[in-house]
There are 2 protein chains.
Amino acid sequence: MADTNRQWRLAAYPVGMPKQSDWTLAEGPVPEPGPGEMLIRALYLDVAPYMRGRISPQKNYAAGVAPGDVMLGGAVGQVVASNSDRFRPGDVVVSDFGFGWQDYAVLGPEDVRAVDEEVAPLPCWLDVLGLNGLTAYFGLFEVGMAKLGDTVLVSAAAGSVGQIVGQLCRLAGCRPIAVTSTQAKLAACRELGFADGVAYREESDLCGAVARVCPRGVDVFFDNTAGPIHDAVLQNLAAHARVVICGTVSLAARFGEPDIGPRFLRHVLVARATMQGFLVLDYKSRYGVARERLAGWVREGALAQRFDIVEGLENTPAAFLRLLHGGNIGKQLVKL
Amino acid sequence: MADTNRQWRLAAYPVGMPKQSDWTLAEGPVPEPGPGEMLIRALYLDVAPYMRGRISPQKNYAAGVAPGDVMLGGAVGQVVASNSDRFRPGDVVVSDFGFGWQDYAVLGPEDVRAVDEEVAPLPCWLDVLGLNGLTAYFGLFEVGMAKLGDTVLVSAAAGSVGQIVGQLCRLAGCRPIAVTSTQAKLAACRELGFADGVAYREESDLCGAVARVCPRGVDVFFDNTAGPIHDAVLQNLAAHARVVICGTVSLAARFGEPDIGPRFLRHVLVARATMQGFLVLDYKSRYGVARERLAGWVREGALAQRFDIVEGLENTPAAFLRLLHGGNIGKQLVKL
């Protein structure tokens, strides 16, 4: 065990698109667990689009990271020392948010869940068996009310949530359509079961491209991006469409600035569409059942996982920036 | 009985805000009812904001009026001649849409409902006992899911639907907040039971004005306008707010043009708000129960009506334009 703990701390709220210098790498002593607590060493650190909202002074759904604080984030880690009777040294656990971008964290037993490598490899516990699986499941079925026969368009389809949504669609008899940046990512989406899709960087008429792959309109739009993709899909809604506002990653560079562009209230009215902002945290009381189902599908091999793994704590901000710029195919993680 | 039938026919699709010359007054013979049909003479003609969407080549939720056709619209009228065994000459009936801007129409018994003046005066049958009452009822409770204690903000609050929504809120223990153009209209809203409100033409900071009257945020936003009022309210949503997109009258002058302005997807996400396009026609199978309830509240004096009545068929386009420009206080009708 090392005797120092490296930590990425937020230097300042990013202005526009975050950049490497928005964080500084600090070193400190490895913390000591208090009564009932555990010392946990990171094996994999999470980076995810929601983190953009947490490093902004803008109002958000949860408290953010203040300049000077350790950057928040989930992790899969191994218990090094434990004052809890629920976990022993050597146990592998997953933390959804509270670990932070660091080598070691002290957490309580209520902050983590046990990881069972027999169910799925470690990275899956920050993906389909973590918050992203739950996000895909509740967003698609509870908010999107996806049902047999629906055309479901997913933006950021090659990302973690997008990939899971596409596969859940297949299991549910929906027709998943991917919107992603490049043909390489679109090919990855097709491999996972997406029926068709659009590589938006290669389209001059995005609205027409969506119409081409969704000739009967979009029944469920699982939106992870906002921006021009959102605009194109809003013009292609089927009657009674559901729009799940899950993420707004295309706004990452313009956080806090007004997002000026065309509005589609008339389209929402004519289609009698429902648009709903969605946070998986609101479904906490029902995580248990969803996790059991997701784990079952993983065991059956019905939910494939694609990962994009960067090595080394020192590369964590770079991995996050890569994600914001759309460089990843599959769930972006950092391996320590 | 006159021997000519005056008809307002659409001359051409309006460009931008409709104007008087978009219609022409034609005269023709009084039509003859066929087997099972009735000849009905108009007593009151309806003018309503939804008509803007019906005189446009833009995609809409229902077929529009083509240039040359008689302008569509509901009416309260008296049966003059009847080949139906369901209605007799002298009976008063109401048509929701199909009558048109004319002195006489031939309709079938399935196109009209019987009017009972003992329940409410004739104009009410085009207002609280017509589609507007149903729009307020289903929009507020089914789409908006308004419940005891909610703050409900209503745009175009001094219009027909707005007035009914405000009063239904009072009956349901909600706190109705009016947004309307002038202090005179706001005073009318207060008389009907609105708790507070904003006269938007007199506010330089509309977003701040909404915050002032809704200090804990807006739980239900019953939106009849779109545009800058919508923008201000979207920045003041309470967590889990519901936004009912009922009408877009502020876009009347820009129909078919892109509506460019700030977008609030981030606000929708952070508030986990639901925004839904709403058409009362989708609730047709449940009109019966709603009408019984509305008639009950009218009989009890719990739903007051304010009308703004123009006289003479020749003034029908002017009455409609008055409505689009926000000149009316209460339900705008034309009396023949």
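Anything mentioned here points back to the structure above.
Residues numbered from 1 in each chain as written. Chains lettered and ligands numbered in written order. Predicted model: local features only at pLDDT ≥ 70, side-chain atom pairs only at ≥ 80, totals over all residues. Heavy atoms only, no water.

**So, the overall build of chain A**
And step 1. Regarding its fold elements, chain A presents nine helices and 16 strands.
And step 2. Relative to the globule expectation of 20 Å for 336 residues, the C-alpha radius of gyration of chain A, 20 Å, shows essentially globular dimensions.
And step 3. Its C-alpha atoms give chain A principal-axis dimensions of roughly 60 × 45 × 35 Å.
And step 4. A burial count over chain A gives 59% of its 336 residues as buried.
And step 5. Contacts spanning at least 24 positions in sequence make up 67% of the contacts within chain A whose residues lie at least 6 apart.
And step 6. Where the 32 positive side-chain charges of chain A centre and where its 35 negative ones centre are 7 Å apart. (Helix = DSSP H or I, 4+ residues; strand = E, 2+ residues; numbered from the N terminus. Rg over C-alpha atoms; globule rule 2.2 N^0.38 Å. Buried < 20%, exposed > 50% of the residue type's maximum accessible area, 1.4 Å probe, protein only. Contact = heavy atoms within 4.5 Å. Lys, Arg positive; Asp, Glu negative; His and termini not counted. Charge placed at Lys NZ, Arg CZ, Asp CG, Glu CD.)

**Brief notes about the sheet that holds strand 11 (residues 218-223) of chain A**
And step 1. What the twelve strands build is an open sheet, ordered 10(A)-9(A)-8(A)-11(A)-12(A)-14(A)-14(B)-12(B)-11(B)-8(B)-9(B)-10(B); its pairing is mixed. With one partner strand each, in any of the chains shown, strand 10 (196-199) of chain A together with strand 10 (196-199) of chain B form the two edges of the open sheet. The mean angle between the axes of side-by-side strands here comes to 15°, regardless of whether they run parallel or antiparallel.
And step 2. Looking at chain direction, strand 11 (residues 218-223) of chain B and strand 12 (residues 237-245) of chain B are connected through five bridges and run parallel. Paired with V220(B) across the bridge in strand 12 of chain B is R242(B).
And step 3. The sheet contacts of helix 4 (residues 183-191) of chain B involve strand 9 (175-180) and strand 10 of chain B, and relative to strand 10 of chain B the element is tilted by about 165°. (Pairing = 2+ DSSP bridges. Axes fitted to C-alpha atoms, helices over the stretch in contact; angles between N-to-C directions.)

**Regarding the interface of chain B and chain A**
And step 1. On the chain A side, the residues contacting the 34 residues of chain B number 34 residues.
And step 2. Run the count over chain B and chain A and you get six salt bridges.
And step 3. Joining chain B to chain A, the criterion identifies 16 residue pairs in polar contact (both at pLDDT 80 or more).
And step 4. Those elements giving two or more residues to the side of chain B that touches chain A turn out to be helix 6 (227-234), strand 12, strand 13 (259-263), helix 7 (265-271) and strand 14 (274-277) of chain B.
And step 5. Within the side of chain B that touches chain A, the residues separate by chemical class into 16 nonpolar, eleven polar and seven charged.
And step 6. Taken together, the five bridges between strand 13 (residues 259-263) of chain A and strand 13 of chain B define a ladder with antiparallel strand orientation. What sits directly across from I260(A), in strand 13 of chain B, is P262(B). (Salt bridge = Lys/Arg side-chain N within 4 Å of Asp/Glu carboxyl O. Polar contact = N/O pair within 3.5 Å; in protein donor to acceptor, adjacent residues only side chain to side chain. Nonpolar A, V, L, I, M, F, W, Y, C, P; charged D, E, K, R; others polar.)

**Observations concerning the relation of the copies chain B and chain A**
And step 1. After a rotation of 180° and a shift along the axis of 0.0 Å, chain B superposes on chain A with an RMSD of 0.0 Å. Between the two chains, the operation in question is that of a two-fold axis. (Least-squares fit on C-alpha atoms with pLDDT ≥ 70 in both.)

**Notes on the packing of helix 2 (residues 131-143) of chain B against helix 3 (residues 160-172) of chain B**
Residue and element names in this part refer to chain B.
And step 1. The contact between helix 2 and helix 3 brings their axes to 9 Å, and the two run at 50°. One way to sum up the angle between helix 2 and helix 3 is to call them oblique. The hand of the helix 2/helix 3 crossing is right-handed. Between helix 2 and helix 3, the contacting residues are N132, G133, T135, A136, Y137, L140 and F141 on the first element and S160, V161, I164, V165, L168, C169 and A172 on the second.
And step 2. The residue makeup of the contact of helix 2 with helix 3, split by class, is ten nonpolar, four polar and no charged. (Parallel < 35°, antiparallel > 145°, perpendicular 65-115°, else oblique. Left-handed = near helix turned anticlockwise from the far one by under 90°.)

**Regarding helix 2 (residues 131-143) of chain A**
All names here are of chain A.
And step 1. Within helix 2, eleven of the 13 residues are buried, which leaves the element mostly enclosed by the surrounding structure.
And step 2. When we look at burial in helix 2, the residues that qualify are L131, N132, G133, L134, T135, A136, Y137, F138, G139, L140 and V143.
And step 3. M145 sits one or two residues past helix 2 and shows a positive phi near 50°.

**Focus: the side chain of N236(A)**
Residue and element names in this part refer to chain A.
And step 1. Note that N236 resides in the loop between helix 6 (227-234) and strand 12 (237-245).
And step 2. For N236, a relative accessible area of 10% puts it in the buried group.
And step 3. N236 has contacts with C207, V210, A211, G217 and V218, leaving out every residue within four places of it along the chain.

**Remarks on the packing of aromatic side chains**
Residue and element names in this part refer to chain B.
And step 1. What the rule picks out here adds up to 20 aromatic pairs over all chains.
And step 2. Plain terms: the ring middles of W23 and F320 are 5.9 Å apart, the flat faces sit at 85° to each other, and that makes the pair edge-to-face. Placement of the pair is W23 in strand 2 (residues 23-29) and F320 in helix 9 (residues 316-324), with a sequence separation of 297 residues. Across the pair, exposure class does not vary: W23 and F320 are buried alike.
And step 3. Each ring, one from Y50 and one from F97, has its centre 5.4 Å from the other, and the planes form 90°; the classification is edge-to-face. Residue Y50 is found in the loop between strand 3 (38-46) and helix 1 (51-54), and its partner F97 is found in the loop between strand 5 (92-95) and strand 6 (104-107); the two are separated by 47 residues along the sequence. (Phe/Tyr/Trp six-rings, centres within 6.5 Å; stacked < 30°, edge-to-face > 60°.)

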